[in-house]
Each structure stands twice: as structure tokens, then as C-alpha cells.
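# Overview (structure and organization)
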Amino acid sequence: MNQSNKKNLDFIKNSGVNYFLQDSPRNWFESDLRTNSSPKLSKDINIDKSYKIQQIIKKINSFDTPLKNSAKNLVVYDGSLDAKVIFIGEAPGRDEDIQGLPFVGRAGQLLNKMLAAINLKREDVYITNVVNWRPPDNRTPTDDEILQFLPFLQEQIDLINPDFIFLLGGVAAKAILSTPLTLGKLRGYWHNYKSLQLNKTIYTIASYHPSFLLRSPQYKKASWEDLQMLQKKLNEKN
Ligand code: URA
């Protein structure tokens, strides 16, 4: 094994990825007895988060991948570092690659409408993708690419520490729920995501990707039902 593969593998192992695809969605709900350190002032937490996200972005930027050869800009996130909900898509497309921001093209416009339908704005949520460079010709990220970028995604989830994750499309579902099951099987109920770092369960929904909804509007009804599940839980929390 060459040095860079070994470093890569160590990084993945250290971030807790020691299994990937399985027959059923991974239920991350396991109790974790780690105790919390003393609470910090929220101002400190924000400074801390801004610094840490920059560190994560630097790490992604210096990660060696052939995707860099064809992409123009690294695309990591948009929205709030204090968000209660993380929306995770697949990978940047053409518009996102040009602007360096996730979900700013046609799919992004639909995502904005989906958010507005449940009284959310982009600034209220954290928006990111599984893969942070645009794949050539917008092809679907490979399983290897998903695995390579997963530790960065997990670090972002740990940093944001959301209450909910909304997975947009099959690639995000595969990455976070570790299953190749279709959205038809996965959508419509809550899954549990458990990080190795956070002492809590993050309620997770897998639903359709806005690009898919643009091509197949007959699935918008199901997507709306999934969004309403999120809205109900958010209202219960407030
Ligand atoms: N599709 C995605 O999955 N992500 C984007 O950022 C844009 C389109």
C-alpha cells in the first residue's frame, strides 16, 4: 500500500467508517455514555465553529482526488453553522461548480421552494453534498468517491450538531444510512443517525432529490409528505 493510500485509509478508520453498504439501513441508535464537557458561551461556540469549518474546508481542499482535475471550484456548504437541520445532496452540478456554493441551480431553486413550504429559509439550515467537487459530466459519484468524502461529511455533521438530517436522493441515503436500498423503500419514516462523536441520535429522513423531482413531478406528493414529517418534528421541538 502506498503512503497516500495508507494515510487515506487511516483517516477513514479514525473517523469511524469501518463498514459501508449493508442490506438494511444502519440504525445508529446506540447509547453512548460519554459525558458532555462544561457548556461554553454561545459566542465562543460560534467563533469555534467558524474556525473549525474553515479547517474542514482546508482538509477537503487538500485531499487528493481526480475530481479536482475537471472541477472549477470546491463546493462545501451554504446556510447556518447553528442549523437544527442539515440537508445533504449528491454532488455539485454545473452552476454550483461555477459559484462554489451548493444547490444554486435549478435543483437549488426547487430546494428553496421546498424549504419555504415548511417555513424554512436557506439561512436557517445547513446545506451540503456528499461529494464536494463536481464529477465530470455530472455523473453519479462512485462508491469509492462516496467513501472518500464520507469522513468530511461526518465531520461537518459533528460540527453542526443538528437535530435532524434530510437526505436528498439515493447517494446521500447510501452514504449516511450505509445501504443501497431504494428511496421507495427508505422514505416515509424516520431513521436514526448516530455519530461516534456526538452523544445523541439525529433523526434522519431520506427523500427524493430535487433534480429527480424536476424530471418526475409525480413524486412531489411523496416529497411533500416527507417535508411535513420534518416540519411536524421541528414544531414539536419548539
Ligand atoms: N445537485 C446536488 O446534489 N447538489 C447540488 O449542490 C446541486 C445539484
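Please read these numbers as outputs of a predicted model, since none were measured by experiment. Numbers given to residues run from 1 along each chain, matching the order in which its sequence is written. Per-residue local features are limited, in this predicted model, to residues with pLDDT of at least 70; the limit for side-chain atom pairs, both in listing and counting, is 80 or more; totals at the level of whole chains, interfaces and linings are taken over all residues. To obtain the side-chain values, all non-hydrogen atoms of the structure were used and water was disregarded.

## Let's talk about the packing of helix α6 (residues 143-160) against helix α7 (residues 170-177)
- Helix axes are fitted to C-alpha atoms over the stretch in contact, other axes to C-alpha atoms as well, and angles between N-to-C directions run from 0 to 180 degrees. Every helix listed is a DSSP run of H or I at least four residues long, and every strand listed is a run of E at least two residues long, numbered separately from the N terminus. α7 packs onto α6 with a crossing angle of 70° between their chain directions and a minimal axis gap of 10 Å. Taken as axis vectors, α6 and α7 run roughly perpendicular relative to one another. Remark: the crossing between α6 and α7 carries right-handed chirality. From α6, D143, I146, L150, L153 and I157 reach across to α7, where they touch V171, K174, A175 and I176.
- Of the residues contributing to the contact of α6 with α7, the split by class is seven nonpolar, no polar and two charged. Oblique is the label for any angle not covered by the other classes, which are roughly parallel (under 35 degrees), roughly antiparallel (over 145) and roughly perpendicular (65 to 115). By the definition used in this description, the sense in which the near helix is turned from the far one sets the handedness, with an anticlockwise turn below a right angle giving left-handed and a clockwise turn giving right-handed. Contacts are residue-level and defined by heavy atoms, with any inter-residue pair within 4.5 Å sufficient. Just so you know the grouping, Ala, Val, Leu, Ile, Met, Phe, Trp, Tyr, Cys and Pro go in nonpolar, Asp, Glu, Lys and Arg go in charged, and all remaining residues, Gly too, go in polar.

## Looking at the layout of surface pockets
- The rule is simple: put a 1 Å grid over the protein atoms alone, call a set of points where a 1.4 Å probe fits but cannot get out a cavity, call an open set with protein on both sides within 12 Å along at least five of seven lines a pocket, and count a residue as lining if it has an atom within 4 Å of a point. Grid points are joined across faces, edges and corners, and a volume is the space filled by probe spheres set on the points. Roughly 650 Å³ of volume is contained in the second largest pocket.
- Along the wall of the second largest pocket there are 26 residues; nearest its centre are E90, A107, H209, S211 and R215.
- Elements with a minimum of two residues in the lining of the second largest pocket: α4 (94-99), α5 (106-117), α7 and α9 (210-215).
- When its residues are assigned to classes, the lining of the second largest pocket shows ten nonpolar, nine polar and seven charged.

## Observations concerning the nonpolar core
- The set of buried Ala, Val, Leu, Ile, Met, Phe, Trp, Tyr and Cys residues whose side-chain atoms join them within 4.5 Å is what this entry labels a nonpolar core. Here's how the labels work: a residue is buried when its accessible area is under 20% of the maximum for its type, exposed when over 50%, partly exposed in between, all with a 1.4 Å probe on protein chains only. With 63 residues, the main nonpolar core has F87, I88, V130, I157, L167 and I176 as its most contacted residues.
- The greatest single-element share of this core, amounting to eight residues, is contributed by α6.

## Description of the site of the ligand
- Taken together, G89, E90, A91, E96, P102, F103, N129 and H209 make up all the residues around the ligand.
- In this structure, E90 approaches the ligand through a main-chain N or O atom, which is 2.7 Å from an oxygen atom.
- Polar contacts here mean pairs of N or O atoms no more than 3.5 Å apart (in protein, one a potential hydrogen donor and the other a potential acceptor; neighbouring residues in sequence count only if both atoms are side-chain atoms). Within the contact set of the ligand, a nitrogen atom lies 3.0 Å away from a backbone nitrogen or oxygen of A91.
- Surface exposure here means Shrake-Rupley accessible area, sampled with a 1.4 Å probe, where a residue is shielded only by the protein chains that are shown. Here the ligand loses 93% of its free accessible area of 240 Å² to cover by the protein chains.
- Of all the cavities here, the one that holds the ligand is the second largest pocket.
- Residue composition of the shell around the ligand, grouped by class: three nonpolar, three polar and two charged. Only a single heavy atom is needed: when it lies within 4 Å of a molecule or strand, its residue is near that molecule or strand. More than half of a molecule's atoms lying within 2 Å of a cavity's or pocket's grid points is what places that molecule inside it.

## Notes on the pattern of salt bridges
- For this analysis, a salt bridge means a side-chain nitrogen from Lys or Arg found within 4 Å of a carboxyl oxygen belonging to Asp or Glu. The full count for this structure, using the stated rule, is 13 salt bridges.
- Close ionic contact of K221 with E225 constitutes a salt bridge, the shortest N to O distance being 3.1 Å. A residue pair is termed a helical-turn pair when its members lie 3 or 4 positions apart in one helix, as K221 and E225 do in helix α10 (residues 220-237) at four residues.
- For K221, a relative accessible area of 59% corresponds to the exposed category.
- Across the salt bridge formed by E236 and K232, the nearest N and O atoms sit 3.5 Å from each other. Of this pair, E236 and K232 both sit in helix α10, four residues apart, which is roughly one turn of that helix.
- The class of K232 is exposed, set by a relative accessible area of 55%.

Function-wise, these values are silent; they only describe arrangement.
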